[in-house]
Amino acid sequence: MKKRVIVIGGGIAGMQTALRLAEQGVEPVLIEKEPELGGKLRGWHVLFPSFTPAQEVLTELRRRVNDSGIECRMSAEVCSVSPREVVLSGGERLACDAVVLASGFTLFDASIKEEYGYGIYDNVVTSADLERMFNEGRVAKADGSAPRRIAFLHCVGSRDEKVCQQHCSKVCCVTGVKQAIEMKRLFPESDVFNFYMDIRMFGPGYEEMYREAQQTYNIHFVRGRISEASPTLEGRVQIKAEDTLTGRPLRMSVDMLVLLIGMRANDDNEQLARGAGLERARSGFMKPRDLFLGNVCSNIGGIFYAGTISAPKNIGESLNEATAAADAAARYVMQ
Ligand code: SF4
């Protein structure tokens with residue numbers, strides 16, 4: 001009898017975990033709450049820093065899952081987990097030998113930051129909206145015209161005690177630089193500004209892309225936080241900020257304000273954690289057993305973590321961690 005490991009979450013981390021488990025001779029069962037695999041990456045356009053289409057990565061992972069004959073349970077909500085059993089919301093009980101949680105993250109709801117007017121004013125969009133617009137080939141102001149001045153605001157819903165999100169979401173700085181370049185490629189005559197607290201370019205090729213944004217695309221980076229946005233009579237968005245390098249207040253009208261929303265922990269982490277006795281970090285993300293020697297292991301034997309369920313990560317990190325989580329789970333069930 002093959003050992004069976006249930007992988008919860010059919011995004012990139014879940015798919016990679018299942019593939020690696022199958023390679024190790026373990027039977028994976030992939031559970032996804034949406035009707036299709038892919039997770040958040042389904043809504044993404046191109047990936048930093050290579051501008052690789054997200055669809056390329058997704059299509060390949062889905063093809064591999066399909067070719068491996070991995071059992072996928074779609075549109076299935078998980079109600080509770082333990083190392084030997086997963087219960088679905090309809091009451092179905094699935095027996096297993098271990099579980100890998102790969103259910104990812106939730107994007108911050110920008111409307112909570114009322115001062116930016118998301119969902120109220122035209123032409124205030126989020127980074128996720130912009131990815132959708134890129135994918136649909138329909139990047140424009142609400143009236144259909146081309147934006148001539150665009151502002152990106154970093155750290156929306158991250159590093160912000162007021163909304164109980166103290167952590168850095170790690171990938172929104174590089175997303176802001178990538179999207180700013182995409183806007184300049186689409187609208188070469190436009191002026192693009194990025195308002196940031198710190199620029200965090202931690203990955204390979206990220207710093208180079210940041211330099212390219214400034215030197216090749218003439219994108220302006222302003223150290224400061226936008227305190228407020230309001231609509232103008234001409235349908236633009238007026239922003240108030242402070243340039244914290246010069247100490248000067250700043251007022252500017254833009255055609256589009258893009259809010260770089262952060263990653264926050266899934267609300268259902270709490271229920272999963274409570275039911276299984278799992279520990280969570282203060283941020284709400286799951287807490288690995290040991291940050292150095294057990295970062296894909298939970299505090300409960302037989303339950304493992306892959307991807308952004310335990311912290312914000314980029315695509316490459318999520319995939320690598322999924323491989324590590326699958327290996328740890330395979331070792332556990334084979335012992
Ligand atoms: S990655 Fe950048 S934009 Fe995102 S939370 Fe961290 S500092 Fe802010």
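Residues numbered from 1 in each chain as written. Predicted model: local features only at pLDDT ≥ 70, side-chain atom pairs only at ≥ 80, totals over all residues.

Engineer: In this structure, what is going on with the overall build of the protein? I would like to understand it.
Structural biologist: Secondary structure summary: the protein contains seven helices and 20 strands in total. The globule rule puts the C-alpha radius of gyration for 335 residues at 20 Å, and the 21 Å found for the protein is close to it. When the backbone C-alpha atoms are referred to their principal axes, the protein occupies close to 70 × 40 × 35 Å. For the protein, the residues scored as buried account for 43% of the 335 residues in total. Considering only intrachain contacts with a sequence separation of at least 6, the fraction spanning at least 24 residues in the protein is 66%. (Helix = DSSP H or I, 4+ residues; strand = E, 2+ residues; numbered from the N terminus. Rg over C-alpha atoms; globule rule 2.2 N^0.38 Å. Buried ≥ 20, exposed ≤ 12 C-beta atoms within 10 Å, placed from the backbone. Contact = placed C-beta atoms within 7 Å.)

Engineer: When you look at the sheet that holds strand β6 (residues 78-82) in this model, what are you seeing that I'm missing?
Structural biologist: The strands making up a sheet are joined through hydrogen bonds of the backbone, oriented either antiparallel or parallel. Overall, antiparallel pairing links the three strands, which are arranged β6-β7-β8 in an open sheet. Each having just a single partner strand, β6 and β8 (93-95) make up the two edges of the open sheet. Strand-to-strand twist in this sheet, taken as the mean axis angle between neighbours without regard to direction, amounts to 15 degrees. The pairing of β6 with strand β7 (residues 85-88) spans four bridges and is antiparallel. From the neighbouring strand, S82 faces β7, where its bridge partner is E85. (Pairing = 2+ DSSP bridges. Axes fitted to C-alpha atoms, helices over the stretch in contact; angles between N-to-C directions.)

Engineer: Just checking my understanding: could you explain the packing of helix α3 (residues 127-136) against helix α4 (residues 172-186) for this structure?
Structural biologist: Any two packed helices are characterised by how steeply their axes cross, that is the angle between the axes, and by the distance between the axes. As a packed pair, α3 and α4 sit with axes 11 Å apart at the nearest point and diverge in direction by 35 degrees. Between α3 and α4 lies a crossing whose hand is left-handed. Of the residues in α4, those in contact with S127, L130 and F134 of α3 are C172, T175, Q179 and E182. By residue class, the composition of the contact of α3 with α4 is three nonpolar, three polar and one charged. (Left-handed = near helix turned anticlockwise from the far one by under 90°. Nonpolar A, V, L, I, M, F, W, Y, C, P; charged D, E, K, R; others polar.)

Engineer: Would you explain the site of the ligand in this entry?
Structural biologist: The full set close to the ligand counts 14 residues, and C155, S158, C168, C172 and C173 are the nearest of them. Looking at the shell around the ligand, the elements that each hand over two or more residues are β12 (149-156) and α4. When the residues that make up the shell around the ligand are grouped by side-chain class, the tally is six nonpolar, four polar and four charged. (Near = placed C-beta within 6 Å.)

Engineer: Please explain unusual backbone geometry as it appears in this structure.
Structural biologist: Phi is mostly negative for residues that are not glycine, and the peptide bonds are mostly trans. P49 follows F48 through a cis peptide bond whose omega is -10 degrees. The topology assignment puts P49 in the loop between β3 (46-47) and β4 (52-53). The phi torsion at C155 lies on the positive side, around 60 degrees, for a residue other than glycine. Tracing the backbone shows C155 in strand β12. With a phi angle near 70 degrees, K170 is a residue other than glycine that sits in the positive phi range. Assignment of secondary structure puts K170 in the loop between β12 and α4.

Engineer: So what exactly am I meant to see when it comes to the domain arrangement of the protein here?
Structural biologist: The accessible area lost on association of the parts is a frequent measure of interface size. Examined at the domain level, the protein breaks down into domain 1 (4-105 + 265-334) and domain 2 (110-263). Taking only C-alpha atoms, the centre of domain 1 and the centre of domain 2 are 31 Å apart. Each partner contributes residues to the interface: domain 1 has 11 residues there, and domain 2 has 18 residues. Grouping the constituent residues of the side of domain 1 that touches domain 2 by class yields five nonpolar, five polar and one charged. (Domains from an automatic or database assignment.)

Engineer: Quick question: what am I supposed to make of helix α1 (residues 12-23) here?
Structural biologist: Side chains that are three or four residues apart share a direction in an α-helix, a result of its 3.6 residues per turn. Helix length check: α1 (12 residues) gives 17 Å between terminal C-alpha atoms against 16 Å at 1.5 Å per residue, within 8%. Along α1, 11 of the 12 residues are buried, which leaves the element largely enclosed by surrounding structure. Listed as buried for α1 are I12, A13, G14, M15, Q16, T17, A18, L19, R20, L21 and A22. Among the structural elements, β1 (4-8), β2 (27-31), α2 (54-67), β9 (98-101) and α7 (315-334) are those in contact with the buried residues of α1. (Expected span 1.5 Å × (residues − 1).)

Engineer: Where do I start with the sheet that holds strand β16 (residues 237-243) in this structure?
Structural biologist: The sheet built from three strands is open, its strands ordered β15-β16-β17 with antiparallel pairing. Among the strands making up the open sheet, the edge pair consists of β15 (226-231) and β17 (248-254). Within this sheet the neighbouring strands show an average axis-to-axis angle of 20 degrees, counted without direction. Note that β16 and β17 share seven bridges and pair antiparallel. By the bridge assignment for β17, A241 is matched with L250.

Engineer: Hey, could you run me through helix α5 (residues 206-215) in this one?
Structural biologist: Of the residues making up α5, those classed as buried are Y206, Y210 and A213. Taken around the axis of α5, the buried residues stretch over an arc of 55 degrees, which confines them to a single face. Among the exposed residues of α5, those oriented more than 90 degrees off its buried face are E208, R211 and Q215. Those residues of α5 that are buried are in contact with α4. (Arc of directions from axis to C-beta.)

Engineer: Can you help me understand the pairing of β12 in this one?
Structural biologist: Along any regular strand the residues' side chains alternate between the sheet's two faces. Counting buried residues in β12 gives seven out of eight residues, a clear majority hidden from the surface. Examined bridge by bridge, β12 and strand β13 (residues 191-196) share five bridges and lie parallel to one another. By the bridge assignment, F152 is partnered in β13 with N194. Taking the sense of rotation as the criterion, the β-α-β connection linking β12, α4 and β13 turns out right-handed. One ladder, built from five bridges, connects β12 with strand β18 (residues 256-261); its direction is parallel. Looking at β18, one finds that L153 is bridged to L259. (Right-handed = clockwise from strand over helix to strand, strands pointing away.)

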